[in-house]
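# Examination of the molecular architecture
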Amino acid sequence: MTSPAGRKDELAASLAEVRERIARACAAAGRPAEEVTLVAVTKTYPASDVVLLTGLGVTDIGENRDQEAAPKAAAARAEGATPRWHFIGQLQRNKVKSVIEYADVVESVDSERLVTALDRALGERPAPLEVLVQVSIDGDASRGGAAGDDIWRISDAVAAAPSLRLGGVMAVAPLDWDPDRAFEELAAITGRLVTHHPDATTVSAGMSGDLEAAIRHGATHVRIGTSLLGMRNPLR
Ligand SMILES: *Cc1c(COP(=O)(O)O)cnc(C)c1O
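Named according to an unreviewed UniProt entry, the chain is Pyridoxal phosphate homeostasis protein originating from Paractinoplanes globisporus. Its UniProt record gives the chain the following Function (unreviewed entry) comment, quoted word for word: "Pyridoxal 5'-phosphate (PLP)-binding protein, which is involved in PLP homeostasis." Recorded under Sequence similarities (unreviewed entry), the UniProt text for the chain is reproduced unchanged: "Belongs to the pyridoxal phosphate-binding protein YggS/PROSC family."

Below, the structure is given as structure tokens:
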């Protein structure tokens, strides 16, 4: 068990390394480093890590399970940590009401039914919720994500929903693909999306193992867990 001060030093060191990787990847791609937002994925790690990371300047936190994220966001808030919360996991419609209580961005919208459920649940809320359409790059929908014409149908539905704002797309590179090929494919999809929805410029792509390739192909957000917080229990 690491002491709180030890954990802070540990996170500060890994954060510096990740920021350096992002900066180097941006430089290599001829992009300003400010173009890429780091989303720290804290799943399986406690709220105290969220508090430490926000204290170290991390502005965006990603979580993939509502059961874990809802109490974590509440606990972090009680400690004064109010980052932007990104929901990045498969979202069941019966969790929508809970997720909109803390999420600032829902990155994993991959069906029109989910668009409708989110829009209804948000009701008359004044500020729209930012939504990314999760794209399945290899068309295998079993791991989540929309493919083919569904991408355009869902994007249009988000854009037309009064309580939602279409931010762009999110994707995970397929396990058996070269990440460059995967993110090139995603860039082509993004290019087509912005011709219809010019403000939908967010590209959430890249994780601990492939952030360089994602940045090379235009990612605006990288979602980093392992490289920042350490290895997770393989069961989760
Ligand atoms: C867990 C997770 C990440 C972070 O993955 P690492 O390889 O630990 O950096 C990114 N995106 C999604 C959707 C995840 O579920």
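Still to come is the rest of the account.
## A short note on the site of the ligand
Around the ligand sit V41, K43, I88, M207, S208, R223, I224, G225, T226 and R232, and that is every residue in its neighbourhood. Separating an oxygen atom of the ligand from a side-chain N or O atom of S208 is a distance of 2.5 Å. At 2.8 Å, a side-chain N or O of R223 approaches a nitrogen atom of the ligand. Its free accessible area being 390 Å², the ligand has 87% of it covered by the protein chains. Here the shell around the ligand is composed, by residue class, of 4 nonpolar, 3 polar and 3 charged.

## Details of helix α1 (residues 4–29)
Relative to the 38 Å expected for 26 residues at 1.5 Å per residue, α1 spans 37 Å between its end C-alpha atoms, a close match to the ideal helical length. Among all positions of α1, only R7, L11, S14, L15, V18, R21, I22, A25 and C26 are buried. Looking at the packing, one finds that the buried side of α1 touches β1 (37–41), α2 (47–55), α8 (211–216), β8 (221–224) and α9 (226–229). G30 occupies a position one or two residues after α1 and carries a positive phi of about 65 degrees.

## Things to note about the pairing of strand β6 (residues 164–170)
For β6, the tally of buried residues reaches 6 of 7 residues, placing the bulk of the element in the interior. Looking at chain direction, strand β5 (residues 129–134) and β6 are connected through 6 bridges and run parallel. Following the sheet pairing, V133 is matched in β6 by V169. Bridge count for β6 against strand β7 (residues 202–204) is 3 bridges, and the pairing is parallel. Residue pairing in the sheet places M170 in a bridge with S204 of β7. On the question of chirality, the crossover connecting β6 to the parallel β7 by way of helix α7 (residues 179–196) is right-handed.

## Notes on the side chain of D60
Mapped onto the secondary structure, D60 falls in strand β2 (residues 60–63). Separated by 3.4 Å, the side chains of D60 and R84 make a polar contact. Side-chain polar atoms of D60 contact the side chain of H86, separated by 2.6 Å. Beyond its immediate chain neighbours, meaning those up to four positions away, D60 contacts T37, L38, V39, A40, R84 and H86.

## Notes on the pattern of salt bridges
The final tally for this structure, using the stated rule, is 13 salt bridges. Put simply, D60 and R84 hold a salt bridge, and the shortest N to O gap is 3.4 Å. In this pair, D60 sits in strand β2 while R84 sits in strand β3 (residues 84–87), placing the two residues 24 residues apart along the sequence. The exposure class of D60 is buried, given its relative accessible area of 4%. Since its relative accessible area comes to 36%, R84 is described here as partly exposed. In this structure, the salt-bridge partner of D150 is R153, at a minimum N-O distance of 3.0 Å. With D150 and R153 both in helix α6 (residues 149–160) and 3 residues apart, this pair spans about one turn of that helix. Overall, D150 belongs to the partly exposed group, its relative accessible area being 36%. Residue class for R153 comes out partly exposed when judged on its relative accessible area of 43%.

Definitions and limits used
- Residues numbered from 1 in each chain as written.
- Predicted model: local features only at pLDDT ≥ 70, side-chain atom pairs only at ≥ 80, totals over all residues.
- Heavy atoms only, no water.
- UniProt positions renumbered as here; feature names shortened; annotations may be inferred.
- Near = heavy atom within 4 Å.
- Polar contact = N/O pair within 3.5 Å; in protein donor to acceptor, adjacent residues only side chain to side chain.
- Areas by Shrake-Rupley, 256 points an atom, 1.4 Å probe, with all protein chains shown as cover.
- Nonpolar A, V, L, I, M, F, W, Y, C, P; charged D, E, K, R; others polar.
- Helix = DSSP H or I, 4+ residues; strand = E, 2+ residues; numbered from the N terminus.
- Expected span 1.5 Å × (residues − 1).
- Buried < 20%, exposed > 50% of the residue type's maximum accessible area, 1.4 Å probe, protein only.
- Contact = heavy atoms within 4.5 Å.
- Pairing = 2+ DSSP bridges.
- Right-handed = clockwise from strand over helix to strand, strands pointing away.
- Salt bridge = Lys/Arg side-chain N within 4 Å of Asp/Glu carboxyl O.

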